[in-house]
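# Observations on chain architecture
Take a look at the letters that make up each chain.
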Amino acid sequence: AQTVTQSQPEMSVQEAETVTLSCTYDTSENNYYLFWYKQPPSRQMILVIRQEAYKQQNATENRFSVNFQKAAKSFSLKISDSQLGDTAMYFCAFISYGGATNKLIFGTGTLLAVQP
Amino acid sequence: NAGVTQTPKFRVLKTGQSMTLLCAQDMNHEYMYWYRQDPGMGLRLIHYSVGEGTTAKGEVPDGYNVSRLKKQNFLLGLESAAPSQTSVYFCASSYRVDTQYFGPGTRLTVL
């Protein structure tokens, strides 16, 4: 079975500092995507960053970057220069393609609080 | 472009009542999905569709039905609502098996 695990239910960081959110996943597939979604208090699910498994280079989007370790099945999110607007629930998600399942599987989320 | 929209935003039902949630997307996406979000459990897939006229079961399909009569719309129906269906429901769409874009959610309470 494919699973996504986020082992940090809650985290806190001071404004302007850097924080890393952890995610591990389990799959026997070779072709897949990994995502980080952000869910602020408004409840909207917002895509933060996307990684294609066949690419060795880590994805970056402005202040957001990932550390993708395929062999270890690890996909952590680093937020640099944290801002108050980064306060949200962050979900790691996985989807495989080309196989029998094409379903986005979510972790249980990490609640990040950015402190002023 | 409006992206993915959901109607209604909030709803309160009594046990046994029925209702339909509407999802619409204007991105010409082939795939559409319905999820539910419960505290501490992340999002779980209810049903999905890979194209107009197709539907398939997800992880938690019991008690729900869906229809995809038009490419841009995906309806989620509850025939006889139960308190266990109290949740926040999200619709999402994608071009293929790739990034999914989400609607704003519908908060449903079943009394």
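A brief look at the structure comes next. On a predicted model such as this, the values are computed, not experimentally measured, just so you know.

## Quick look at the overall build of chain A
Along its length, chain A carries zero helices and 12 strands. Taking 13 Å as the expected radius of gyration for a compact globule of 116 residues, we find that chain A reaches 14 Å, a close match to that expectation. In terms of principal-axis extent, the alpha carbons of chain A reach across some 45 × 25 × 20 Å. In chain A, 56% of the contacts between residues at least 6 apart in sequence involve partners at least 24 apart. As presented, chain A carries roughly 5600 Å² of accessible surface, and 46% of it is formed by carbon and sulfur atoms. Of the side-chain charges in chain A, 9 are positive and 9 negative, and the distance between the mean point of each set is 8 Å.

## Examining the interface of chain B and chain A
Interfaces are often described in size by the accessible area the parts lose on coming together. With 24 residues of chain B in contact, the opposing surface of chain A contributes 19 residues. If you sort the residues of chain B by the area they bury against chain A, V97, D98 and F102 of chain B come out on top, with a joint share of 30%. Taken together, the links from chain B to chain A amount to one salt bridge. Where R50 of chain A meets D98 of chain B, a salt bridge forms, and the shortest distance between an N and an O atom there is 2.8 Å. Our enumeration of links across chain B and chain A arrives at six residue pairs in polar contact (both at pLDDT 80 or more). Contributions of two or more residues to the side of chain B that touches chain A are made by β4 (31–37), β5 (43–49), β9 (87–94) and β11 (106–110) of chain B. Each residue belonging to the side of chain B that touches chain A can be placed in one class, and the counts come to 12 nonpolar, eight polar and four charged.

## A few points about the state of the cysteines
Residue and element names in this part refer to chain A. Tallied over the entire structure, the rule returns two disulfides over all chains. Across the disulfide from C23 sits C92; the S-S distance is 2.0 Å. One quick way to see it: the torsion about the S-S bond of C23 and C92 is about -70°, and its sign makes the bridge left-handed. In this pair, C23 is assigned in the loop between β3 (19–21) and β4 (24–26) and C92 in strand β10 (residues 88–96), connecting sequence segments 69 residues apart. Overall, the relative accessible area of 2% leaves C23 in the buried class.

## Here's the deal with the pattern of salt bridges
Residue and element names in this part refer to chain A. In total, this model carries eight salt bridges over all chains according to the counting rule given. The salt bridge involving D26 is made with K73; its shortest N-O contact spans 3.9 Å. Separated by 47 residues along the polypeptide, D26 in strand β4 and K73 in the loop between β8 (64–69) and β9 (74–79) bring together distant segments of the chain. Put simply, K55 and E52 hold a salt bridge, and the shortest N to O gap is 3.9 Å. For E52, a relative accessible area of 11% translates into the label buried.

## Re the nonpolar core
One finds Y25, W36, F75, L77 and Y90 of chain A to be the most contacted residues of the largest nonpolar core, which totals 25 residues. Among the elements of the structure, β3, β5 (32–39), β6 (46–52), β8, β9, β10 and β12 (110–115) of chain A are those that each provide at least two residues to this core. Here this core takes four residues from β10 of chain A, the largest share from any one element. Aside from chain neighbours lying at most four places away, what touches Y90 of chain A is Q6, L21, W36, Y37, K38, V48, F64, L77, I79, G109, T110 and L112 of chain A. Counting residues in hydrophobic clusters, the runner-up holds 20 residues, among them Y33 and L104 of chain A together with Y33 and V97 of chain B.

What counts and what doesn't
Counting starts from 1 at the beginning of each chain's written sequence and moves along it residue by residue. Lettering of chains starts at A and numbering of ligands starts at 1, both following the order in which they are written. The predicted nature of this model means local features are confined to residues of pLDDT at least 70 and side-chain atom pairs, given and counted, to a pLDDT of 80 or more, with totals for whole chains, interfaces and linings taken over all residues. Only heavy atoms go into the side-chain values, all of them from the structure, while hydrogens and water stay out. The secondary structure listing takes helices from DSSP runs of H or I that are at least 4 residues long and strands from runs of E that are at least 2 residues long, numbered from the N terminus. Radius of gyration here is computed from C-alpha atoms only, and the compact-globule reference equals 2.2 Å multiplied by the residue count raised to the power 0.38. We call two residues contacting when some pair of their heavy atoms lies within 4.5 Å. Note that accessible areas follow from Shrake-Rupley with a 1.4 Å probe, and for residues the cover is restricted to the protein chains shown. Under the convention used here, Asp and Glu are negative, Lys and Arg are positive, and both His and the chain ends fall outside the count. Note that the charge is assigned to NZ on lysines, CZ on arginines, CG on aspartates and CD on glutamates. What counts as buried area is the accessible surface, traced by a 1.4 Å probe, that two parts surrender upon association, with contributions from both included. We define a salt bridge as a contact between a side-chain nitrogen of Lys or Arg and a carboxyl oxygen of Asp or Glu at a distance within 4 Å. In protein, a polar contact requires one atom able to donate a hydrogen and another able to accept it; more generally it is a pair of N or O atoms within 3.5 Å, and residues adjacent in sequence count only if both atoms are side-chain atoms. Polarity classes work like this: nonpolar for Ala, Val, Leu, Ile, Met, Phe, Trp, Tyr, Cys and Pro, charged for Asp, Glu, Lys and Arg, and polar for all others, with Gly in that last group. The definition used for a disulfide is geometric: two cysteine sulfur atoms within 2.5 Å. To sort residues, take the accessible area from a 1.4 Å probe on protein chains only and compare it with the maximum for the residue type: under 20% means buried, over 50% means exposed, and anything in between is partly exposed. In plain words, nonpolar cores are sets of buried Ala, Val, Leu, Ile, Met, Phe, Trp, Tyr and Cys residues tied together by side-chain atoms within 4.5 Å.

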